[in-house]
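Tertiary structure, described
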Amino acid sequence: MRALLVFTAVFVAVFGQETFEGHQVLRITAKDDAQITLLRGLPELELGIDFWMEPTHPSLPVDIRVPSQSLKEVKMFLESNDIQYTVMIHDVQNLLDEEKRQMLKARAVQPRNTDDFDFANYHTLNEIYDFIDMLVVENPHLVSKIVIGQSYEGRPLNVLKFSTGGSNRPGIWIDTGIHSREWVTQASGTWFAKKIVTDYGNDPALTAILDKMDIFLEIATNPDGFAFTHSQNRMWRKTRKPNSGSSCVGVDPNRNWDAGFGGGGSSGNPCTETYRGPKAHSEPEVKAIVDFVQAHGNLKAFVSIHSYSQMLLYPYGYTRTPAKDERELDELAKKAVNDLTSLYGTRYKYGSIITTIYQASGGTIDWTYDQGIKYSYTFELRDTGFYGFLLPANQILPTAKETWLALMAIMEHTNANPY
Amino acid sequence: AHTVLYITGLQFVLKLTPHTPAASPSVPGQEDIQAAMPVEELDPSHYPATRAAKVAEHFINTRYGSPFAWFGSSGVKKAGLEVRAKLHFTLKEMTRNQDMGLCSAEVLFHRADERKPPQVQCTCSGAFQVNTSAEEEDLYQRLRNATSLLSGSDIPNSVGHIDPEMAPFWHLGGVASSFIMLRESNESTLLNMAHIDNFTQMETKDAQLMFQYDILLHDMVSQEILKWKLLLSWSPDGGVKVLEAEWDPKCRSCERAHLTVTTGIAAEQEMKGDNNNV
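Here is what the cut-offs are and how they apply
Once a new chain begins, its residue numbering starts again from 1 and follows that chain's sequence as written. For naming, the first written chain is A and the first written ligand is 1, with later ones following in the order written. Local features in a predicted model are, by the rule used here, given only for residues with pLDDT of at least 70; side-chain atom pairs are given and counted only at 80 or more, and totals for whole chains, interfaces and linings are based on all residues. Processing note: side-chain calculations cover all non-hydrogen atoms of the structure and skip hydrogens and water entirely. UniProt positions are given in the numbering used here, feature names are shortened, and annotations may be inferred rather than shown by experiment. By definition, any uninterrupted DSSP run of H or I lasting at least four residues is a helix, any uninterrupted run of E lasting at least two residues is a strand, and each is numbered from the N terminus. We call two residues contacting when some pair of their heavy atoms lies within 4.5 Å. The span expected for a helix works out to 1.5 Å for each residue beyond the first. We call a residue buried when its accessible area falls under 20% of the maximum for its residue type, exposed when it is over 50%, and partly exposed in between, using a 1.4 Å probe and counting protein chains only. In this text, buried Ala, Val, Leu, Ile, Met, Phe, Trp, Tyr and Cys residues form a nonpolar core when linked through side-chain atoms within 4.5 Å. The rule for a disulfide is simple: a pair of cysteine sulfur atoms within 2.5 Å. Aromatic contacts are taken between Phe, Tyr and Trp rings whose centres are within 6.5 Å, Trp giving its six-membered ring; a plane angle under 30 degrees counts as stacked, one over 60 as edge-to-face, and the others as tilted. Two conditions define a charge sitting above a ring: the NZ of Lys or the CZ of Arg must be within 6 Å of the ring centre, and it must be within 35 degrees of the ring normal. Strands qualify as paired when DSSP identifies two bridges or more between them.

For chain B, the name recorded in an unreviewed UniProt entry is Cystatin LXN-type domain-containing protein, with Denticeps clupeoides as its organism.

In the annotation of an unreviewed UniProt entry, the entry for chain A reads Carboxypeptidase A1, and the organism field reads Denticeps clupeoides. What the UniProt record of chain A gives under Catalytic activity (unreviewed entry) is the line "Release of a C-terminal amino acid, but little or no action with -Asp, -Glu, -Arg, -Lys or -Pro." Recorded in UniProt under Cofactor (unreviewed entry), the annotation for chain A is "Zn(2+)".

Printed below as a string of structure tokens:
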């Protein structure tokens, strides 16, 4: 009721150019019928009183809007008749102004193009999906969207393809957000998407890469988990697929790949964070990427991005046997990390997964490497435990920018070293 | 005193000479060390060094952590492992981004009994001369004189935001958590405080201020989120003390309570069980 009256007031204020400055809304509690009768007589006093809730019965409140010039008289009337009241709204115009501000703000939160998108803040899944669609619309000759599958809960698995043409050119894959609580990764992925379209045609290095290769970017690789971190549990990591025979939900998508599947560094217990799943590629989010990679057949680099720890890692996680290309991967990691550090001094460690962070079986880049994608890397972005997963929004842009330098090093090397 | 310490850069390794029983004086704790164990030099960027450094970090925080100083780490330069890790590292106070100089620590992991907490010895060149006494006294007096008990929740929030007035209580939670994390650490853990669900100031009759904290810890190795309730006291003179600590085994990532949990210890082992690394 009040909302309707406020709306009416807004309507009148906007179109009737009436102002409600200094007007107050009083909530009156009449204690008996005699007081109700008195209140019914208020309009006769010709003080410009406007009933928002008419006097009917002593048990129900009476709300009146009182123009500023009549306030003193009305309050004296009430007090001299021992009628209880409180000031419900101290200044009606203030309230209208504030609501107008809120309405404008709500519209502003919806960016109309990707230039208006707030990269320095965290976003919901819908905002990211809207961003993806806008980016495609704005860059029809460079960007397209591929839906590689559906999540368990039926959400589209959207991949941005950046391509200047050709047919099945060698490709570079980047994914963020496979672990949903690692929010700085999805935020960085969004920034990377915009960075690519901005730099193509302006930055010689990126332009050279895109003239020969395609880039694929999956920003919300675990959309069900991501939605869950917004709605229910900020610390959710896994997918949201139920596990039969257990009350515990979800599979660790970075233990679900067919590379050393079932080994040490993954769990068979559905209630744990590193539960590997009933079988390799059981998760639709993982299967979709597997199918894409195998169908494409020409990916030359694969980068899967996580947080936190500040590390750049290469295979393997499931075995201590060094990767065949370890020397080259290590040298490239060193260069990439140096480039990253050059921007803000952020220190990274680098090395194989199993020696640098922990043993982990069934991991993404072990599988992609064993598929023949030589330049397979995993990032662990900021920080090292101070904020952990809850990285402040003001670190999104610095993180994205420094990580981009490392990504460029990897992409440039991939482009310069065809195999 | 209160500072939150992080290890910034481990500088060099001391190679340990093999321990010979005849030469060893009787030192408490040394009974766990096997005779003539060769020293393995550790790669500073590999996890054994990183994990040992994190333990040293927690140790330093328990001694020198404060609502107004929280130290952070940056990198291991060198490390050696016997049953213990010897580390040299640079230390940083995180709230002011202040370099604190060079520290050396020994972290002894009890391999024979993983439930025994690691032993740490540590000395730092610059000592922990963070002058926080004015701010501590100010906060202490404000809380003593306040008419109502303070509380807070969701620190940091989902987007990593912390209200400036809440920051000292975030640091305090981190320092108090270090007591628990020090005790719970072993060679297969890397613990950080992930979130303060809420904290409440409690009534006290004595000089110490008392707080109840509900916190979440994160173990990087198992990736588990561990829920702990802490009762802690603090005063500028008394420092930070953890009076009571209780682990809530109910799985945070589960829809319902973990069905097979019977005791805290059993649940702990279950959670860690499949992650026994080689």
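Once that is clear, we can look at the overall build of chain B. Secondary structure assignment for chain B yields four helices and 13 strands. Residue pairs at least 24 apart in sequence account for 65% of intrachain contacts in chain B once pairs closer than 6 positions are excluded.

Attention now goes to helix H1 (residues 47-64) of chain B. Helix length check: H1(B), at 18 residues, gives a terminal C-alpha distance of 25 Å against a target of 26 Å (1.5 Å per residue), a fit within 8%. Counted residue by residue, H1(B) has 15 buried out of 18 residues, so it is predominantly covered.

Counting 96 residues, the largest nonpolar core has A:Phe162, A:Phe379 and B:Tyr213 as the members making the most contacts within it. The leading source of residues in this core is helix H13 (residues 396-416) of chain A, at nine residues. In this structure, A:Leu157, A:Ala259, A:Phe389 and A:Leu390 belong to the second largest nonpolar core, which totals 35 residues.

Quick look at the state of the cysteines now. Inspection of the entire model under this criterion finds two disulfides over all chains. Linked covalently through their sulfurs, A:Cys248 and A:Cys271 form a disulfide whose S-S length is 2.0 Å. Classification of the bridge connecting A:Cys248 and A:Cys271 rests on its S-S torsion, roughly 90°, and on that basis the disulfide is right-handed. Of the two residues, A:Cys248 sits in the loop between helix H8 (223-231) and helix H9 (284-296) while A:Cys271 sits in the loop between H8 and H9, which places them 23 residues apart along the sequence. There is no split in this pair, since A:Cys248 and A:Cys271 are both buried. Covalent S-S linkage joins B:Cys103 and B:Cys124, the inter-sulfur distance amounting to 2.0 Å. Here B:Cys103 and B:Cys124 share a disulfide; its torsion about the S-S bond, 105°, makes the bridge right-handed. A residue pair is termed long-range when its members are at least 10 positions apart, and B:Cys103 in strand E7 (residues 98-108) and B:Cys124 in strand E8 (residues 119-124) qualify at 21 residues. Each member of the pair, B:Cys103 as well as B:Cys124, carries the same accessibility label: buried. B:Cys122 takes part in no disulfide bond, and the closest cysteine sulfur, belonging to B:Cys124, lies 4.2 Å away.

On to the packing of aromatic side chains, then. Residues and elements named next belong to chain A. Enumeration over the complete set of coordinates arrives at 28 aromatic pairs over all chains. Seen from their ring centres, Tyr-308 and Phe-389 are 5.0 Å apart, and the 70° between their planes marks the pair as edge-to-face. With a gap of 81 residues between them, Tyr-308 in the loop between strand E9 (299-307) and strand E10 (311-314) and Phe-389 in the loop between strand E12 (375-381) and H13 connect regions that are remote in the sequence. The burial state of Tyr-308 is the same as that of Phe-389; both residues are buried. Through successive ring pairs, a cluster of aromatic residues spans Trp-173, Phe-216, Phe-292 and Phe-302. Seen from the ring of Trp-236, Arg-240 lies directly overhead, with NZ or CZ sitting 4.5 Å from the centre.

Residues and elements named next belong to chain B. Of all the 10 residues making up strand E6 (residues 84-93), nine are buried; the element is thus mostly covered by neighbouring parts of the structure. Bridge count for strand E3 (residues 71-72) against E6 is two bridges, and the pairing is antiparallel. When the bridges of E6 are listed, Phe-71 appears paired with Glu-93. Direction of pairing for E6 relative to E7: antiparallel, over a ladder of 10 bridges. Bridged to Leu-87 within E7 is Ala-105.

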